[in-house]
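# Structural overview
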Amino acid sequence: MPRARKATTESDATASKSRSTRRRRARPAEEEWEAEESVGSRLPSQLPLVPVRDQVYFPQMVFPLFVGRERSVRALEEAMESDRLIVLAAQKEVITEEPEPEDIYNVGVVVEVLQVLRMPDGTLRLMLQGIARVRIARYVQTEPFILVAIEPLLSQKQHDLEIEALMGIVISLFEQLVNSGKNIPPEVLLSVSNQSDPERIINTVTPYLPVRVEEKQQILEMVGVRERLERLVVIMRKEIEILELQKTIRSRVEKEMGDTQREFFLREQLKVIQQELGERDERASEVEEFRQKILAAAMPEEVQERAFKELERLEKMPFAAPEGVVVRNYLDWLVSLPWSAITEDNLDIAAAAQVLDEDHYGLQKVKERILEFLAVRKLAGNAMKGPILCFVGPPGVGKTSIGRSIARALGRKFVRVSLGGVRDEAEIRGHRRTYVGALPGRIIQGIRQAASRNPVFMLDEIDKLGMDFRGDPSSALLEALDPEQNYAFSDHYLEVPFNLREVMFITTANLLDPIPPALRDRMEVIVFPGYTEDEKMNIARGFLVPKQLKEHGLTPEQCQFTDAAIQLILREYTREAGVRNLEREIASVCRKVARAVAEGQIESKKVVPEDIPTYLGARKYHYGTAEERDEVGAATGLVVTQFGGDIVSIEVSVLPATKGQLLLTGQLGEVMKESAQAALTYIRSRATQLQIDPEFTRNADIHIHVPEGAVPKDGPSAGITIATALASAFTGRPVRRDVAMTGEITLRGRILPIGGVKEKVLAAHRAGIHVVILPEENRRDMDEIPQQVLTDIEFHFVRHMDEVLQLALVDERAPG
């Protein structure tokens, strides 16, 4: 760098000369600067260029500049060896170390180098004076320094009343900025106020504005004086609005901080006064109370350690600190959980069985499972894990109510949480404490509500869980419902493990299919198929009627139900797997009797079958058979829905051919449509044996309809019913009205097994069907059928469709 050293030496030597030169230049204010046009006309056509970062300089400014980049030092050396003039232009990006021509704005300012000083770190400190704006016409060279060809950027001189007004606005706004506390020397305001040249005002004010380089560069590049002044007014007004907002926010914050500090000082004084009087302050009392609760809760060691750590944080916080509320809530939850509280199980098996029988009639499988749990608990003691049961069945069969009976029989607390419609994982595992209003999940909330760590915990409607962008609640249940993991269940809010192993979890569902396989695998499924008519009669006599009489203010002497009246309500006003609608109909009768008693019309009433139509209106269902008489092309099938088993009629109509098509209606699913196709193919293959025209599919249109078209239907078990209805329609032989059937058919007529046998058989029994046809392989399911149903219904087990037709079709053809 020999040239750099030479330049520095020369600049030091000429410093006094330049100062004397400036003294000689002193002249009146209106003559201190020559016109920009005349200065621009005397500038060299080429000058060295120094790119500057994060700043835009204007003519008539005197300012320092530090130079350290090699090309900038070379450009300075070149200027010092000639006329001491260089061009300053702003970089577009501050981070660019070695800017190329495309990285530099094309309008800058020519400055004169007044002084050069070398700093201890090797950089050069320049004192510069702006002369004129110039436009970079082209880059002559970029190495070893940047040399550019320039042309003056001449302003469009304007001076009218509008310019005068704009100048006044700029000066006024600049005064507001100075008075607002911005770091602007007051003498600058004085200098601007005494100016009459708009160019001088613009060049003096703009450098002091706290705006981005892009906005200053925009003002530098504008040609018209009016446009430059207008742009300056817009920028300054925006800055003043921002300053006003900042001032408002600052005053608000300072007020709040002042209130907080005042409260802090007062509390400190109060603390000293209390100490002098020998009293304890509120904070110390609160901390000591939490400490005693933590010790009394008998928490596990790691949980107790976490609680004391949070208590220590609370003790060190200012009393009014916002985070103190979060810590207090957290400690409240920790000390209120039953870490060691437990209820003793009632291990008297006979007494538990009596309690279960008192509350529910039937449901033997569930009761046996609970008594088995008690027996094992009696022998194994506390080593036994809590069972995870899943009750699956249609509505109204007692899934939820028996949970309360189980808790009463065991002597445990009972907690019920409904999961229907839950879509957020945080509902199960809680929210993290970083969120406002965070709480533990429903499981921990239920444990706190029970005040015992071994309650009977019912998760109702587990098949109604949903999922969305907030997570999958069913996945969050995997840990809670797994005995191998739930001994250390982690809630997002608590962030400490809680032992759920001793909790007896019971879940309920109407259907198993919506439950994810991984969750289903963790539970012991117990199916509630529904009640027989005899069981419903006993439930009505022993539970429903006494309950409704009590709720309606009636005594057994004022209102009595005969068995025949209850049976009529069962058969002709309800058709369900459970007893919910039966209870509603009994309640309806009780209301009408209660009104008559209250009005003094009667003193007591014995409800007999003849009274039921008066109280409940016309019958809703036809009991005995699905059809009133043997019909051609109509067969009765058995199905399973989420409400239990049911019967369904399948109708076939044969019409003169238009297209020779098979039409399927009744909102049928794809599987059921394929069963209809298979049934039709079987009938075509047996056309000769059935004495049907082999060309019947060409000569006729076939319409298969399943009534209740608003209800979706699917599954293969209606195959033999469709085939029977088709055979009846083409042969003209009616189908027996007292026969119901279910089974899947193959193209060769083989009958395959189906599911839901118990639910379907109970539905047939409710409907008064006397003959049921089932696949031979479903004979093994008869062990689950109640004895009364086996007595009332005649069962036929078949292997081939030919056997079904012999049983279901009447031998004679229908007349006509």
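Residues numbered from 1 in each chain as written. Predicted model: local features only at pLDDT ≥ 70, side-chain atom pairs only at ≥ 80, totals over all residues. Heavy atoms only, no water.

In terms of helices and strands, the protein carries 29 helices and 24 strands. Counting over 816 residues, the protein shows a buried share of 48%. At a minimum sequence separation of 6, the contacts of the protein that also span at least 24 residues come to 75%. A total of about 40,500 Å² of accessible surface is found on the protein, and carbon and sulfur atoms cover 50% of it. (Helix = DSSP H or I, 4+ residues; strand = E, 2+ residues; numbered from the N terminus. Buried < 20%, exposed > 50% of the residue type's maximum accessible area, 1.4 Å probe, protein only. Contact = heavy atoms within 4.5 Å. Areas by Shrake-Rupley, 256 points an atom, 1.4 Å probe, with all protein chains shown as cover.)

Let us look at the pairing of strand β1 (residues 46-52). The buried fraction of β1 amounts to six of the seven residues, a majority that puts the element mostly inside the structure. Here four bridges tie β1 to strand β6 (residues 146-152), and the two strands are oriented antiparallel to one another. For glutamine 46, the partnering residue across the bridge sits in β6 and is alanine 149. (Pairing = 2+ DSSP bridges.)

The next subject is helix α27 (residues 757-766). Most of α27 is tucked away: ten of the ten residues are buried. Phi turns positive, to about 80°, at glycine 768, one or two residues after α27.

Here we come to the sheet that holds strand β7 (residues 388-392). Reading across from one edge, β8-β9-β12-β7-β13 is the order of the five strands in this open sheet, with parallel pairing throughout. Both outer strands of the open sheet, β8 (414-418) and β13 (524-527), are each paired with one neighbouring strand and no more. With strand direction ignored, the average angle separating the axes of adjacent strands in the sheet is 20°. Note: β8 against strand β9 (residues 456-460), five bridges, orientation parallel. Counterpart to valine 415 in the pairing with β9 is phenylalanine 457. Against the sheet, helix α15 (residues 399-410) contacts β7, β8, β9 and β12 (504-509), and its axis sits at roughly 175° relative to β9. (Axes fitted to C-alpha atoms, helices over the stretch in contact; angles between N-to-C directions.)

This part covers unusual backbone geometry. Following glutamate 143, the chain continues into proline 144 via a peptide bond in cis, with omega recorded as 0°. By secondary structure assignment, the location of proline 144 is in the loop between β5 (124-141) and β6. Here glutamate 495, not a glycine, exhibits a phi torsion of approximately 60°, which is positive. Looking at where glutamate 495 falls in the secondary structure, it is placed in the loop between β10 (489-490) and β11 (497-498). One non-glycine residue with positive phi stands out, namely glutamine 691, at about 60°. For glutamine 691, the position within the fold is in the loop between α24 (670-685) and α25 (696-699).

All right, on to the nonpolar core then. Leu88, Phe174, Val205 and Met236 are the most contacted members of the largest nonpolar core, which has 58 residues in total. Sorting elements by how many residues they give to this core places helix α5 (residues 161-179) first, with nine residues. Excluding anything up to four places from it in sequence, valine 205 contacts Val170, Phe174, Val192, Leu232 and Met236. (Core = buried A, V, L, I, M, F, W, Y, C linked by side-chain atoms within 4.5 Å.)

Turning our eyes to something else, we now look at the side chain of threonine 562. Along the chain, threonine 562 turns up in the loop between β14 (559-561) and α21 (563-572). The contacts of threonine 562, once residues within four sequence positions are left out, are Lys606, Val607, Val608 and Pro609.

All right, on to the packing of helix α13 (residues 349-359) against α15 then. Packing of α13 against α15 leaves a shortest axis separation of 8 Å and a crossing angle of 155°. One way to sum up the angle between α13 and α15 is to call them roughly antiparallel. Here α13 runs over α15; the crossing is right-handed. Seen from α13, the contacting residues are Ala352, Val355, Leu356, Glu358 and Asp359; seen from α15, they are Ser405, Ile406, Arg408 and Ala409. Partitioning the contact of α13 with α15 into residue classes produces five nonpolar, one polar and three charged. (Parallel < 35°, antiparallel > 145°, perpendicular 65-115°, else oblique. Left-handed = near helix turned anticlockwise from the far one by under 90°. Nonpolar A, V, L, I, M, F, W, Y, C, P; charged D, E, K, R; others polar.)

Let us look at the packing of aromatic side chains. Following the criterion strictly, the structure yields six aromatic pairs and no others. Aromatic pair tryptophan 339 and phenylalanine 498: ring centres 5.0 Å apart, planes at 55°, arrangement tilted. In this pair, tryptophan 339 sits in the loop between α12 (322-336) and α13 while phenylalanine 498 sits in strand β11, placing the two residues 159 residues apart along the sequence. A relative accessible area of 7% means that tryptophan 339 is categorised as buried. (Phe/Tyr/Trp six-rings, centres within 6.5 Å; stacked < 30°, edge-to-face > 60°.)

Applying the stated criterion to the full structure yields 33 salt bridges. In this structure, glutamate 289 engages lysine 293 in a salt bridge whose closest nitrogen and oxygen atoms are separated by 3.4 Å. One end of the pair, glutamate 289, and the other, lysine 293, are both in helix α10 (residues 282-296), four residues apart, so they sit about a helical turn from each other. Take lysine 293: its relative accessible area is 37%, and that puts it in the partly exposed class. Through salt bridges with shared partners, a single network forms among Arg212, Glu214, Glu215 and Arg231. (Salt bridge = Lys/Arg side-chain N within 4 Å of Asp/Glu carboxyl O.)

Another aspect to go through is the pairing of β7. Within β7, five of the five residues are buried, which leaves the element mostly enclosed by the surrounding structure. Here β7 shows no split at all, with Ile388, Cys390 and Val392 on one side and Leu389 and Phe391 on the other all buried. By the bridge criterion, five bridges tie β7 to β12 in an arrangement that is parallel. Residue pairing in the sheet places isoleucine 388 in a bridge with phenylalanine 505 of β12.

On to the confidence of the model for the protein, then. When pLDDT is averaged across the protein, the result is 81; 88% of the residues are at 70 or more. Low pLDDT (under 50) marks residues 1-37, which in the prediction has 40 contacts with non-local residues, meaning those over four places away or in another chain. (pLDDT = per-residue confidence, 0-100.)

This part takes up the environment of asparagine 486. Positionally, asparagine 486 belongs in the loop between α18 (473-480) and β10. Its relative accessible area of 2% is what places asparagine 486 among the buried residues. If near-sequence neighbours (up to four positions away) are discounted, asparagine 486 is found in contact with Glu479, Ala480, Phe498, Asn499, Leu500, Arg501 and Phe505.

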